[in-house]
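Geometric and topological summary
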Amino acid sequence: MRFATKAVHTGQKPDPATGATIPPVSFSTTYTQAAPGEHKGYEYSRTQNPTRENLEAVLAALEGGEACACFASGLAAETAILQTLSPGDGVVAGHDLYGGTVRLLERVYRRWGLEIAYAKSPSAADFEAAARSLARPRLVWVETPSNPLLDLTDIIAVSSVAKAAGARLVVDNTFATPYLQRPIALGADYVLHSTTKYLGGHSDVVGGAVVARTRELLEPVKFLQNAMGAVPGPLDCYLTHRGVKTLAVRMRQHCSNARAVAESLVGHPGLERLLYPGLEDHRSHALASEQMDDFGGMVTLTLRGGFDAADRFCRRLRVFAPAESLGGVESLCCHPVTMTHASIPKEIRESRGITDGLVRLSCGIEDAEDLIADVLAALGG
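What you see as residue numbers is a count from 1 along each chain, following the sequence as written. Side-chain atom pairs in this predicted model are given and counted only at pLDDT of 80 or more, local residue features only at pLDDT of at least 70, and totals for whole chains, interfaces and linings cover all residues. Neither water nor hydrogens contribute to the side-chain values; these are computed over all heavy atoms in the structure.

1. Describing the overall build of the protein chain
A count of helices and strands for the protein chain gives 14 helices and twelve strands. Values of the radius of gyration come from C-alpha atoms, whereas the globule rule sets the reference at 2.2 Å times the count of residues to the power 0.38. Relative to the compact-globule value of 21 Å for 381 residues, the protein chain shows a C-alpha radius of gyration of 21 Å, a close match. Relative accessibility decides the category of a residue: with a 1.4 Å probe and only protein chains considered, values under 20% of the type maximum give buried, values over 50% give exposed, and everything between is partly exposed. In the protein chain, which comprises 381 residues, the share counted as buried stands at 54%. Within the protein chain, contacts between residues separated by at least 24 positions form 71% of all contacts whose residues are at least 6 apart in sequence. Values of accessible area rely on a 1.4 Å probe in the Shrake-Rupley scheme; residue burial ignores everything except the protein chains shown. For the protein chain, the exposed surface amounts to about 15,900 Å²; the carbon and sulfur share of it is 52%. His is not counted here, nor are the chain ends, while Lys and Arg score as positive and Asp and Glu score as negative. Lysine's charge is taken at NZ, arginine's at CZ, aspartate's at CG and glutamate's at CD. If you average the places of the 37 positive and of the 42 negative side-chain charges in the protein chain, the two averages end up 3 Å apart. Each helix corresponds to a stretch of at least 4 residues labelled H or I by DSSP, and each strand to a stretch of at least 2 residues labelled E; elements are numbered beginning at the N terminus. The contact rule is simple, with two residues in contact once any of their heavy atoms fall within 4.5 Å.

Shown next, in the form of structure tokens:
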């Protein structure tokens, strides 16, 4: 089956009891056993839940992995992967990451005993240099496209770096989704998602997921899913699965709208920088053209005038809503310095290019003409 067909039908077998086309949500927390230890594959809903298993099945199928574990949030999914390590193990992380990931690495796991080294750029050579700086590298952690600078990392090249270092490669595929990019086919061991974003797609449910290349790789993550208990509820799983069914059609519109918005802003005098991988002057354009099937729904701007200009821009928007998160059907505008990346010290943010004037646009599925008009009006031109 092709992508959109998988998205609609995987994990959606009709209910055997009633023939219901959409499987009913399984709210039960426990399952009656015929006798002690004699059950139908379900004992307790933290451990197994039919609705969660349906969602895990479709995400594994779309990413091309053998197995998936879903969590109550994207950070819970990240925590489960990191918790498979031991004190003294090393993590090689990308230069541009979601602020919550940096906070987790620096304020939780460095204190817990992990060594963290950051690549200076998205190049494989810089990932290799960072790996050499660690005594015991065990994970290489990549966001591509990155948040919020939209840099691309060559997954094939970095997978070779990880393998040579004896490490597993984790790729956060939240921005691209499996519709645009399939990291496992390019060498990743784990694919990570905040399902809150494009997979759910409607800004009404928080969740996370880890898809593994093999069932064996997922076993320690599945153990922690049950042992630590950060599982999504069945209604959360149902809502996310319902969102996944329209992922293909939504992503086409997200990409089309982002491209239109970006192209309308080329050369705008109010901007210091315009970042969109679909523009030929973006430093990752060639790689994005090769590694992704389209360029995504995110556009990042740095406004002339710093914080005051960004604040004024956000206040003037009428279609884009100033808000955290991304990937919903509605368009959002994020100011990372005060929102998603506020926990990163100012000097570190600025050294990575996340300045007071930077805003990140998540282009929804509205009419492109309305999005363009809104952004131009907010810029005052």
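Picking up after the structure, the text goes on.
2. Some details on the packing of helix α10 (residues 247-265) against helix α14 (residues 368-379)
Axes are the key here: two packed helices are described by the angle between their axes and the distance separating the axes. Interaxial angles span 0 to 180 degrees and are taken between N-to-C directions of axes, which are lines fitted to C-alpha atoms, for helices over the stretch in contact. Two elements in contact, α10 and α14, have axes separated by 9 Å at closest approach and are oriented at 35°. In this structure, α10 crosses over α14, and the sense of that crossing is right-handed. Together, Asn257, Ala260, Val261, Ser264 and Leu265 of α10 and Ala368, Leu371, Ile372, Val375, Leu376 and Leu379 of α14 make up the contact between the two elements. Two helices crossing with the near one rotated counterclockwise from the far one by less than a right angle form a left-handed crossing, whereas a clockwise rotation gives a right-handed crossing.

3. A word on the nonpolar core
Generally speaking, nonpolar side chains in soluble globular proteins are found buried as a group. For the purposes of this section, nonpolar cores are sets of buried Ala, Val, Leu, Ile, Met, Phe, Trp, Tyr and Cys residues that join through side-chain atoms within 4.5 Å. One finds Leu59, Val299, Leu301, Phe313 and Leu361 to be the most contacted residues of the largest nonpolar core, which totals 59 residues. In terms of residue count, α10 provides more of this core than any other element does, eight residues in total.

4. Quick word on the sheet that holds strand β12 (residues 358-362)
Taken together, the five strands give an open sheet; going across it, the order is β8-β9-β12-β11-β10, and neighbouring strands pair in mixed fashion. Lying at the two open borders of the sheet, with one neighbouring strand each, are β8 (271-275) and β10 (321-322). As paired elements, β8 and strand β9 (residues 298-303) share four bridges and run antiparallel to each other. Paired with Leu275 across the strands is Thr300, a residue of β9. Here the rule is simple: two strands pair whenever DSSP picks up at least two bridges between them.

5. Regarding the packing of aromatic side chains
Any two rings among Phe, Tyr and Trp, with Trp reduced to its six-membered ring, count as a pair given centres within 6.5 Å; such a pair is stacked if its planes are under 30 degrees apart, edge-to-face if over 60, and tilted if neither. Within the structure shown, the criterion is met by four aromatic pairs. When the centroid spacing of 5.3 Å and the interplanar angle of 85° are considered together, the rings of Tyr109 and Trp112 count as edge-to-face. With Tyr109 and Trp112 both in helix α4 (residues 99-112) and three residues apart, the pair spans about one turn of that helix. Residues Tyr276 and Phe295 carry aromatic rings whose centres are separated by 6.4 Å and whose planes lie at 70° to one another, so their mutual orientation is edge-to-face. Of this pair, Tyr276 sits in the loop between β8 and α11 (285-291) while Phe295 sits in the loop between α11 and β9, placing them 19 residues apart in sequence. Like Tyr276, the residue Phe295 is buried in the burial classification.

6. A closer look at the pairing of strand β6 (residues 190-194)
Extensive coverage of β6 is indicated by the burial of five of its five residues. Residues of β6 alternate between two faces, with Tyr190, Leu192 and Ser194 on one and Val191 and His193 on the opposite face, all of them buried. As paired elements, β6 and strand β7 (residues 208-212) share five bridges and run antiparallel to each other. Within the sheet, the bridge partner assigned to His193 lies in β7 and is Ala209.

7. What to know about unusual backbone geometry
With an omega of -5°, the peptide bond running from Thr144 to Pro145 counts as cis. Positionally, Pro145 belongs in the loop between β4 (137-143) and α6 (155-165). Phi is positive for Thr177, close to 70°, though the residue is something other than glycine. Residue position: Thr177 is located in helix α7 (residues 177-180). The backbone phi angle of Ser203 is positive, close to 55°, even though this residue is not glycine. One can find Ser203 in the loop between β6 and β7.

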